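An overview of the molecular structure
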Amino acid sequence: MAAIVAATLSAGCVSGASAAGGSDDHLRLRRDADAIAALGVTGVQARLVTPDGRNLTATSGAAALTARRPVPRDGHFRIASITKAFVATVVLQLAGEGRLSPDDTVERWLPGVVSGNGNDGRAITIRHLLQHTSGIHDDYPDYTSAKDFQRHRYDAHTPEQTVARAMRHRPDFRPGTRWGYSNTGYVLLGMVIERATGRPWHEEVRDRIARPLGLRHTFWPGASAKLPRPHAATYQRFKPGGPLVDVTEQVGWGTNGEAGLVSTTADLNRFFRALLGGRLLPPAQLALMKRTMPVGKEFEQFMPGARDGLGLLSRPLSCGGVYWGHEGGDSGWISAAGVTADGRRSVALSLSGVVADSTAEVLRVERAASKLIDDALCATPDAGRRRR
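Residues numbered from 1 in each chain as written. Predicted model: local features only at pLDDT ≥ 70, side-chain atom pairs only at ≥ 80, totals over all residues. Heavy atoms only, no water.

**Notes on the confidence of the model for the protein chain**
- The share of residues in the protein chain with pLDDT of 70 or more is 89%, and the mean pLDDT across the chain is 89.
- pLDDT under 50 marks residues 1-21. Its contacts with residues more than four places away, or in other chains, come to 87 contacts.
- Confidence over residues 382-388 falls short of pLDDT 50; this stretch has 21 contacts with residues more than four positions distant or in other chains. (pLDDT = per-residue confidence, 0-100. Contact = heavy atoms within 4.5 Å.)

Written out as structure tokens, the structure is:
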């Protein structure tokens, strides 16, 4: 998630946003993109889609520190935890088809996989996994140094290996009693999809979502460490005051179902507009997806007012009501997407090379990104209500 990204940058950005046109929406988007870059983020790209179908883009900063060229408006990036919204959509499609139920236990689909050290797949349901109430402990290794990154950047890991690491720990809490973000829960959902359909989760995402919607730039890269062109570079500082390390090329643990997709801002806007517009799920399943609960305190400080549904987050708008979407964070990256409740106005955002030497710095970037989204969705009466 974006709230726990630990990438860093201190200087070296190209200032000034690039935005075509001169509408109020465009100027506001440009101003907010510049404000994010001014915090030390290497590159920013944002795309707003209005109810009449206009695509308004703004970029700021630089595509790379070594080449002071602009950030591409249509650049590819790893969407990290936004992948969870795609996985949840497939799970709920299968539920709508009667092929599984959100109340099925994990044990029914993955016998013996969640067991040991107090972990019990018989007590955990698919709904618990979708809404981060399973209590399963995450044990995702992080790069501890630049040397460690260089040594392990191309390592690939299977879902079974990821789950096995989690099973070495006792649960964080009893299933259904609390909210606690668990990437491992979505790895398990990817395994459930494969058991229910006979095909990997990413093939179901491709055939059920990406192809029907024409998301030509949304795909699972597998064990490839490279991004397709165009794309920005991203950087991380592994300790305060240390050197910046280019971490653009890596495999990491995102090959699993919790954070495995590459996409673009245009594709993310199209996906979330289709989802909230009722094109991907029957009404009953979409309503279930939007049944929310408060996030935990750790995330509340980064995302005030956020509530978690089933693979979909809601956040309040300053102009009234809420928007729906998800955030993602990976080494050096922050991504976010939001759409109004009627699915007609949406915005997607990618940040590369993000300052995060301290919690205060992460909060500043998060607040600036949240302001861009709020301004974009509240900018006109099209959002549903006028700004208060």
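**Some points on the state of the cysteines**
- One pass over the full model with this rule turns up one disulfide.
- Residue Cys319 pairs covalently with Cys378 via a disulfide, S to S 1.9 Å. Taking the sign of the S-S torsion, -75° for the link of Cys319 and Cys378, the bridge is left-handed. Note that Cys319 is positioned in the loop between β12 (313-316) and β13 (322-330) and Cys378 in helix α12 (residues 359-378), a separation of 59 residues in sequence. Side by side, Cys319 and Cys378 carry an identical accessibility label, which is buried. (Disulfide = S-S within 2.5 Å. Helix = DSSP H or I, 4+ residues; strand = E, 2+ residues; numbered from the N terminus. Buried < 20%, exposed > 50% of the residue type's maximum accessible area, 1.4 Å probe, protein only.)

**Here's the deal with the packing of helix α1 (residues 24-37) against α12**
- At a minimum axis separation of 9 Å, α1 and α12 run at an interaxial angle of 175°. By the angle between their axes, α1 is roughly antiparallel relative to α12. Counted together, Arg28, Leu29, Arg31, Asp32, Ala33 and Ile36 of α1 and Ala368, Ala369, Lys371, Leu372, Asp375 and Ala376 of α12 form the full contact between these two elements.
- In the contact of α1 with α12, the residues fall into seven nonpolar, no polar and five charged. (Axes fitted to C-alpha atoms, helices over the stretch in contact; angles between N-to-C directions. Parallel < 35°, antiparallel > 145°, perpendicular 65-115°, else oblique. Nonpolar A, V, L, I, M, F, W, Y, C, P; charged D, E, K, R; others polar.)

**A short note on the nonpolar core**
- In terms of nonpolar packing, the biggest core is built from 60 residues, with Phe86, Leu100, Leu130, Phe271, Phe272, Leu275 and Met289 touching the most fellow members.
- Looking at which element gives the most residues to this core, the answer is helix α2 (residues 83-96), with nine residues.
- Counting residues in each nonpolar core, the second largest holds 27 residues, with Ala336, Val354, Val365 and Cys378 among its members. (Core = buried A, V, L, I, M, F, W, Y, C linked by side-chain atoms within 4.5 Å.)

**Let's talk about the packing of aromatic side chains**
- Applying the stated criterion across every chain, the model contains seven aromatic pairs.
- Ring geometry for Phe86 and Phe271: centres 3.8 Å apart, planes at 15°, overall stacked. Linking Phe86 in helix α2 with Phe271 in helix α9 (residues 265-276), this pair joins segments that are 185 residues apart in sequence.
- Residues Tyr143 and Phe149 carry aromatic rings whose centres are separated by 5.1 Å and whose planes lie at 90° to one another, so their mutual orientation is edge-to-face.
- In this structure Phe149 comes out as buried when scored by relative accessible area, which is 0%.
- Among the aromatic residues, those joined into a cluster by ring pairs are Phe86, Phe271 and Phe272. (Phe/Tyr/Trp six-rings, centres within 6.5 Å; stacked < 30°, edge-to-face > 60°.)

**Here we look at helix α7 (residues 183-197)**
- With 15 residues, α7 extends 22 Å between its outermost C-alpha atoms, agreeing within 8% with the 21 Å of an ideal straight helix rising 1.5 Å per residue.
- Following α7 by one or two positions, Gly198 has its phi on the positive side, about 80°. (Expected span 1.5 Å × (residues − 1).)

**Examining the pairing of strand β15 (residues 346-352)**
- Within β15, seven of the seven residues are buried, which leaves the element mostly enclosed by the surrounding structure.
- Here β15 shows no split at all, with Ser346, Ala348, Ser350 and Ser352 on one side and Val347, Leu349 and Leu351 on the other all buried.
- Sheet topology places strand β2 (residues 43-49) next to β15; seven bridges connect them, and they run antiparallel. The residue bridging Gly43 from the neighbouring strand is Ser352, located in β15.
- Summarising the sheet, strand β14 (residues 333-340) and β15 pair through seven bridges and their orientation is antiparallel. Its bridge partner lying in β15, Ala336 is registered against Leu349.
- In sequence, β14 turns back onto β15 through a hairpin of five residues, with Gly343 there showing a positive phi of about 75°. (Pairing = 2+ DSSP bridges.)

**A look at the packing of helix α6 (residues 159-166) against α7**
- Between α6 and α7, the shortest axis-to-axis distance is 10 Å and the interhelical angle comes to 140°. One way to sum up the angle between α6 and α7 is to call them oblique. By crossing handedness, the relation of α6 to α7 is classed as left-handed. Between α6, through Pro159, Glu160, Thr162, Val163 and Ala166, and α7, the contact on the second element is made entirely by Thr184, Val187, Leu188 and Met191.
- Among the residues making up the contact of α6 with α7, the classes are represented as six nonpolar, two polar and one charged. (Left-handed = near helix turned anticlockwise from the far one by under 90°.)

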